[in-house]
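What the coordinates show
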Amino acid sequence: MDLTRIDHVGLAVEDLDAAVAHHEELYGARVVHREEIASDGVEEALITVGDSYIQLVAPTTADSPVRKFLDRKGEGLHHVGYRVDDVAATLARLRSDGVATIDAAPRPGSRGTTVAFLHPRSAMGVLVELVQAPPGDEPAH
Ligand code: CO
């Protein structure tokens, strides 16, 4: 079993500040990390839930994949992040098994993670992100 925990649930949102305020009001949530990932055309905010996160993701550019998702489907569940110990090893095994992946090789994610996305057609219709934590990382309670 390669998966060690649910790292995060990714929600696509139009307005990051409004989505943060919504989660603060509903659940008393607290944002523990916020980061713009320019290469993906997104800005994100992380809310800790136990050993996992809710990841709110808003587009920052017109050609951002999240912009396209919002235009097609509206706000909602965008992807699930599964934690793995070695994203390169898991990705290589899946690709050699013929699994369709969006990333051919691991790449930097937010918060110092290393990530790779699987295509929904090979993952029960769910956009799956494999997430390897930075060395020494602990959940931010
Ligand atoms: Co994610």
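Data block above holds the structure.
The text that follows walks through the structure, step by step, so that each part is easy to find.

Remarks on the coordination of the cobalt ion
With distances of 2.0 to 2.2 Å, the protein atoms coordinating the cobalt ion are H8 (NE2), Q55 (OE1), H79 (NE2) and E129 (OE). Around the cobalt ion, the 4 donor atoms are arranged such that angles at the metal cover 86 to 176°; this shape is classified as irregular. The sequence pattern describing where the donors of the cobalt ion fall on their chain is H-x46-Q-x23-H-x49-E. Linking H8 in strand β1 (residues 3-12) with H79 in strand β5 (residues 76-84), this pair joins segments that are 71 residues apart in sequence. Per residue, the accessibility class of H8 equals that of H79, and both read buried.

Structural notes on helix α2 (residues 65-73)
Listing the buried residues of α2 in full gives V66, R67, F69 and L70. Down the axis of α2, the smallest arc covering the buried residues is 160°, so these residues share one side. The exposed residues of α2 that point more than 90 degrees off its buried face are P65, D71 and R72. Turning to α2, the residues buried within the fold contact β1, β3 (42-49), β4 (52-59) and β5.

Thoughts on the pattern of salt bridges
Between side chains of opposite charge, a pair can form as their charged atoms come close. The full count for this structure, using the stated rule, is 9 salt bridges. The closest approach of N and O atoms between D71 and R67, which form a salt bridge, is 2.9 Å. In this pair, D71 and R67 are both assigned in helix α2, 4 residues apart and thus about one turn of the helix distant. Put simply, D2, R93 and D97 are held in one network by salt bridges that share partners.

Thoughts on the nonpolar core
Counting 10 residues, the largest nonpolar core is built from V13, L16, A19, V20, A29, A45, I47, I54, L56 and A58. Mapped onto this core, the elements with two or more residues apiece are α1 (16-27), β3 and β4. In this structure L56 touches L11, V13, L16, A19, V20, H23, E43, E44, A45 and I47, once residues within four positions along its chain are discounted. The next biggest cluster of nonpolar side chains, apart from the first, holds 9 residues, and it includes V84, L91, L118 and A123.

Basis of the calculations
- Residues numbered from 1 in each chain as written.
- Predicted model: local features only at pLDDT ≥ 70, side-chain atom pairs only at ≥ 80, totals over all residues.
- Heavy atoms only, no water.
- Donors = N, O, S within 2.8 Å, 3.2 Å for Na, K, Ca; no water.
- Tetrahedral: all angles 85-135°; square planar, octahedral: opposite > 155°, others 65-115°.
- Helix = DSSP H or I, 4+ residues; strand = E, 2+ residues; numbered from the N terminus.
- Buried < 20%, exposed > 50% of the residue type's maximum accessible area, 1.4 Å probe, protein only.
- Arc of directions from axis to C-beta.
- Contact = heavy atoms within 4.5 Å.
- Salt bridge = Lys/Arg side-chain N within 4 Å of Asp/Glu carboxyl O.
- Core = buried A, V, L, I, M, F, W, Y, C linked by side-chain atoms within 4.5 Å.

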